[in-house]
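The primary structure of each chain is shown beneath.
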Amino acid sequence: MTQDFSQLDRNGRLRHLITLDGLDPGLIRELLDRAQGYLCLPGQLPPRGGDLRGWTIANLFAEPSTRTRASFELAALRLGADSLNLDVMLSSRVKGESILDTIYTLQAMQVDVFVIRDAEPGILELVARHVDDHVCVISGGEAHISHPTQGLLDALTIQQSKGGFRDLVVAIVGDIRHSRVARSAYRALTALGVAELRIIAPEEMMPDTGEFTGAIRCRSIDAGIEGADVVMMLRIQRERIAGSATTDLRHYHEQYGLTAARLARADASAVVMHPGPMNRGVEISSEVADGPQSVIRRQVSNGVAIRMAVLAHVAEARGRRMP
Ligand code: CP
């Protein structure tokens, strides 16, 4: 975000959610607690509840999505809102309509919240600067930069699995350079005071040194996951890497794939995470993805609760009474 733009309102509540960068740890904890309250049991889907009746949430996704889009839609429905899914590639944007004209068009249909995924950096802020005062903009993933609700659901999953953050060693493995998931996880976990964060990647997938300040950088997965409490695997973001079609996936799996044998190097009670979509046999083997240490499906369930919490928060900030 640019310096003269704030995603907060004058009361320090979220007017929009574009990034976790600079967000107060207390506000992050509040969102995690609210999401936890929507879950009846760990790993269970949240019940219907809340009152967003009369609100309309529009999902505008210009990149593919299964988890984020579906969970925002379910979150809206579970809170009583109407949900509108617009496939950007089948919308009038392909006929040359600008993103802002699309937004103004949907605003004229009384949309209250825009959930936007886009490959172009800066689109979220641009839209947030132009919407009407009562309208919110929430990121569903911005280029390689930010995926704030993913960062929150990852933090919630770690909190449920490990009980807190203070003594934890978290290892993030894979294509960190091109990953908005890694950036938002880093921001959430840093704000929540994780003890040690390690980023593990081959040279070409390692972010510039100006990023991930304070994280320990490793080239070797075997060394990097040694004793870790949480191992978060990432797929190769082929859509963001020119010439990635030539990547030797078998070699990558040998060098960086998480197998059961490798996982034995982490702490015995370590949990394995993956934001999805997974490429089985590349960054993660099926025996690990489906194994007893995997919390990957719990991450998905938590995604609905986190998106409910974010929607409820922005609605409450506008005067709605929410549970
Ligand atoms: N983790 C995630 O963003 O998944 P989708 O691309 O399926 O939404």
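Residues numbered from 1 in each chain as written. Predicted model: local features only at pLDDT ≥ 70, side-chain atom pairs only at ≥ 80, totals over all residues. Heavy atoms only, no water.

A. View of the site of the ligand. In the neighbourhood of the ligand, the contacting residues comprise P64, S65, T66, R67, T68, R117, H147, Q150, P275 and G276. One nitrogen or oxygen atom from the main chain of P275 is found 2.9 Å from a nitrogen atom belonging to the ligand. Backbone polar atom of G276 to a nitrogen atom of the ligand: 3.2 Å apart, as the coordinates give it. Across the shell around the ligand, the residue classes tally to two nonpolar, six polar and two charged. When residues of the shell around the ligand are assigned to domains, at least three fall in each of domain 1 (25-146 + 301-318) and domain 2 (148-295). (Near = heavy atom within 4 Å. Polar contact = N/O pair within 3.5 Å; in protein donor to acceptor, adjacent residues only side chain to side chain. Nonpolar A, V, L, I, M, F, W, Y, C, P; charged D, E, K, R; others polar. Domains from an automatic or database assignment.)

B. Focus on the domain arrangement of the chain. Along its sequence, the chain is organised into domain 1 (25-146 + 301-318) and domain 2 (148-295). Taken over C-alpha atoms, the centre of domain 1 sits 26 Å from the centre of domain 2. Taken together, the contacts link 27 residues of domain 1 with 24 residues of domain 2. In this assembly, domain 1 packs against domain 2 so that about 2000 Å² is buried in total across both faces, 58% of it on carbon and sulfur atoms. Of all residues in domain 1, L32, H144 and N302 give up the largest surface area on contact with domain 2, accounting jointly for 26% of the area buried on that side. Taken together, the connections running from domain 1 to domain 2 amount to two salt bridges. In this structure, the connection of domain 1 to domain 2 is made through 10 residue pairs in polar contact (both at pLDDT 80 or more). Per element, the largest residue contribution to the side of domain 1 that touches domain 2 is eight residues, and it comes from helix α1 (residues 25-38). (Contact = heavy atoms within 4.5 Å. Buried area = accessible area lost by both parts, 1.4 Å probe. Salt bridge = Lys/Arg side-chain N within 4 Å of Asp/Glu carboxyl O. Helix = DSSP H or I, 4+ residues; strand = E, 2+ residues; numbered from the N terminus.)

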